[in-house]
Amino acid sequence: HWPFRDDDLWNEVATVQCPVLVVNGDRTFVRREVCLKMARAFANGHFAAIENSGHLVPLEQPVRLAALISEFVQQHEKMIQRSQDKNSLGEKTND
């Protein structure tokens with residue numbers, strides 16, 4: 001649990017089916033192990049660390065984060081499109 005939260009959402013994470021990118025600044029107070037655990041908890045989770053960044057990655061490394069998100073979206077765009085195409089045809093998918 002986080003010191004400022006009482007809820008535990010770890011079990012909910014596994015229900016998310018879309019690709020998820022968990023980003024961890026290498027200088028943040030959130031331990032890398034926690035972020036890796038979170039990425040593994042998602043059905044389609046992925047992990048990336050950003051060097052020379054603390055907890056505020058979008059402010060501290062905006063260019064690197066933008067590039068990382070762009071790469072992630074491009075990698076998963078084809079999978080998402082295939083899934084949407086199959087769903088529009090009424091097929092069940094495991095994507």
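Everything here concerns the structure above.
Conventions used here
- Residues numbered from 1 in each chain as written.
- Predicted model: local features only at pLDDT ≥ 70, side-chain atom pairs only at ≥ 80, totals over all residues.
- Heavy atoms only, no water.
- Helix = DSSP H or I, 4+ residues; strand = E, 2+ residues; numbered from the N terminus.
- Buried < 20%, exposed > 50% of the residue type's maximum accessible area, 1.4 Å probe, protein only.
- Contact = heavy atoms within 4.5 Å.
- Salt bridge = Lys/Arg side-chain N within 4 Å of Asp/Glu carboxyl O.
- 1 Å grid on protein atoms, 1.4 Å probe; cavity = no way out; pocket = protein on both sides within 12 Å on 5 of 7 lines; lining within 4 Å.
- Points joined across faces, edges and corners; volume = space filled by probe spheres on them.
- Pairing = 2+ DSSP bridges.
- Right-handed = clockwise from strand over helix to strand, strands pointing away.

Here we look at the overall build of the protein
Thinking step 1. Per the secondary structure count, the protein includes four helices and two strands.
Thinking step 2. When the elements of the protein are put in sequence order from the N terminus, they spell out α-β-α-β-α-α.
Thinking step 3. Per-residue burial over the protein gives 24% buried out of 95 residues.
Thinking step 4. Partitioning the intrachain contacts of the protein with sequence separation of at least 6 by distance along the chain shows that 60% fall at a separation of at least 24.

Topic: the pattern of salt bridges
Thinking step 1. Inspection of the entire model under this criterion finds two salt bridges.
Thinking step 2. With a closest N to O distance of 3.9 Å, Arg31 and Glu33 form a salt bridge.
Thinking step 3. Arg31 sits in the exposed class, given a relative accessible area of 54%.
Thinking step 4. Measuring nitrogen to oxygen at the nearest pair gives 3.9 Å for the salt bridge that ties Arg64 to Glu71.

Details of the layout of surface pockets
It is a probe the size of a water molecule, rolled over the atoms, that shows where empty space is left.
Thinking step 1. Its boundaries defined by the atoms lining it, the second largest pocket holds a volume of some 220 Å³.
Thinking step 2. In this structure, the second largest pocket is lined by 13 residues; those nearest its centre are Val23, Asn24, Val30, Cys35 and His55.
Thinking step 3. Listing elements by their share of the lining of the second largest pocket, those giving two or more residues are β1 (20-25) and α2 (32-41).
Thinking step 4. Sort the elements by how many residues they give to the lining of the second largest pocket and β1 lands first, with four residues.

A look at the pairing of β1
Thinking step 1. With six bridges connecting them, β1 and strand β2 (residues 45-50) associate as parallel partners. Bridging from a neighbouring strand, Asn24 pairs with Ala49 of β2.
Thinking step 2. What joins β1 to β2 is α2, and the crossover it makes is right-handed.

A short note on the side chain of Asn44
Thinking step 1. Relative to the assigned elements, Asn44 resides in the loop between α2 and β2.
Thinking step 2. In contact with Asn44, other than residues within four places in its own chain, are Gln17, Cys18, Pro19, Val20 and Met79.

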